[in-house]
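Examination of the molecular architecture
Residues per chain are reported as follows:
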Amino acid sequence: MHLFQQAVAGGKPSRVPVWLMRQAGRYDPAYQQLKRQSGLALGELFRHPQLAAEISLLPRAIGVDALIIFQDILTILAPMGAEFVYDPKPRLRSFAAGQLPSLHPCDVADAMPFVAETLRLVQAESSLPLLGFAGAPLTLAVFLVEGGSFGRAQNFRRFMQEQPRQLHVLLALLADHTRAYLQLQVEAGAAAVQLFESAAELFSIEEYQEFALPYQQRALADQRAATIIFAKNFYDLSLLQRSGATVISLPAGISISSVRQQLGAKTVVQGNISNRLLVQGSKAMIKQAVQECIAASGGRGHILNLDHGILPATSYEKVRHLVACAALGASC
């Protein structure tokens, strides 16, 4: 059993495994070169299995212990009638301010064969565990109402307050399709799948309990692989635990030992090095953060990762350094 799978099962592997959110992406010169040579826009790369697989495989060069499919959390929305384009941030191709796009059900497997094909191509080239992922229903809903990337999401907040019943109908539709999308990736060979609640920090505890948690639970229900819940800058860990996920991805600034005091000694966790430290910190600071994080978990039931995705300004050499420190563990 691979280090990653041992950790997900709550075991204590020979060392803590490491992978990084957005590890296949724009900080990597090899990715930038491949993208330029392809001549394709980002959305087209997602739908090109051969190139998406090649990009997914690039992080092998830095020594990670798991790969994640090169894709986007919004991919599922196009076959439902809401296509996003990237220039460079995502925006709805057809968007009218204040109007929710009209979505329709779809057969996920028929609508997105390129996702399963990408997973198969990656597995043909690597024995590393492969992760799939999806956007959580509430986060997808925010993108839909805002028509693209969001700041404080004022349009969505107005929609949530004025039309909560319609929002629940939308979230149920998104949750059912997200569950099917995650199942598609598991059936194509994903060893684990991660649900991204990237809009979590926008909501109060009460709002999260009503509009996020039930639909996370619905999306993660009956999955036949390990599941990871990520909620950006969200610190009510008991709610993350209630999602039903196998693994809780932690925000920065919280000790794994304190998390286990709160949630139980057997809680399996992912994280939680600050992605900003990876940009702004020295190599010595990164080394210390890795050592402290691993020490706090005792090396059991722990997957080393960031608190969020690698930032665009991150140095490739610092990413390599973090992974190297993880490989050496406490002796780094």
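The structure under discussion appears in the preceding block.
Here the structure is a predicted model, which means the values were calculated and not measured.

**As for helix H4 (residues 49-57)**
- Most of H4 is tucked away: 7 of the 9 residues are buried.
- Along H4, the residues classified as buried are Pro49, Leu51, Ala52, Ala53, Ile55, Ser56 and Leu57.
- Turning to H4, the residues buried within the fold contact helix H2 (29-38), helix H3 (42-46), strand S1 (67-68) and helix H6 (113-125).

**Quick word on the packing of aromatic side chains**
- With the rule as written, the count across this model stands at 11 aromatic pairs.
- Taking 5.0 Å as the distance between ring centres and 45° as the angle between the ring planes, the aromatic pair formed by Phe46 and Phe70 counts as tilted. Of this pair, Phe46 sits in helix H3 while Phe70 is found in the loop between S1 and strand S2 (84-86), placing the two residues 24 residues apart along the sequence. For the pair formed by Phe46 and Phe70, the shared burial category is buried.
- Taken together through their ring pairs, the aromatic side chains of Tyr31, Phe46, Phe70 and Tyr86 make up a single cluster.

**Thoughts on the pattern of salt bridges**
- On inspection of all chains with the given rule, the structure shows 8 salt bridges.
- Note that Lys232 is salt-bridged to Glu201, the shortest N-O span being 3.4 Å. With a gap of 31 residues between them, Lys232 in the loop between strand S6 (226-231) and helix H12 (237-242) and Glu201 in the loop between strand S5 (192-197) and helix H10 (205-211) connect regions that are remote in the sequence.
- You can call Lys232 partly exposed: its relative accessible area is 22%.
- Through salt bridges with shared partners, a single ionic network connects Asp176, Arg179 and Arg218.

**Quick notes on the sheet that holds strand S9 (residues 302-303)**
- Strand order in the open sheet made by the 7 strands is S1-S4-S5-S6-S7-S8-S9, with parallel pairing throughout. Looking at which strands have only one partner, the edges of the open sheet turn out to be S1 and S9.
- Taken together, the 5 bridges between strand S4 (residues 130-135) and S5 define a ladder with parallel strand orientation. When the bridges of S5 are listed, Phe133 appears paired with Gln194.

Cut-off values and rules
- Residues numbered from 1 in each chain as written.
- Predicted model: local features only at pLDDT ≥ 70, side-chain atom pairs only at ≥ 80, totals over all residues.
- Heavy atoms only, no water.
- Buried < 20%, exposed > 50% of the residue type's maximum accessible area, 1.4 Å probe, protein only.
- Helix = DSSP H or I, 4+ residues; strand = E, 2+ residues; numbered from the N terminus.
- Contact = heavy atoms within 4.5 Å.
- Phe/Tyr/Trp six-rings, centres within 6.5 Å; stacked < 30°, edge-to-face > 60°.
- Salt bridge = Lys/Arg side-chain N within 4 Å of Asp/Glu carboxyl O.
- Pairing = 2+ DSSP bridges.

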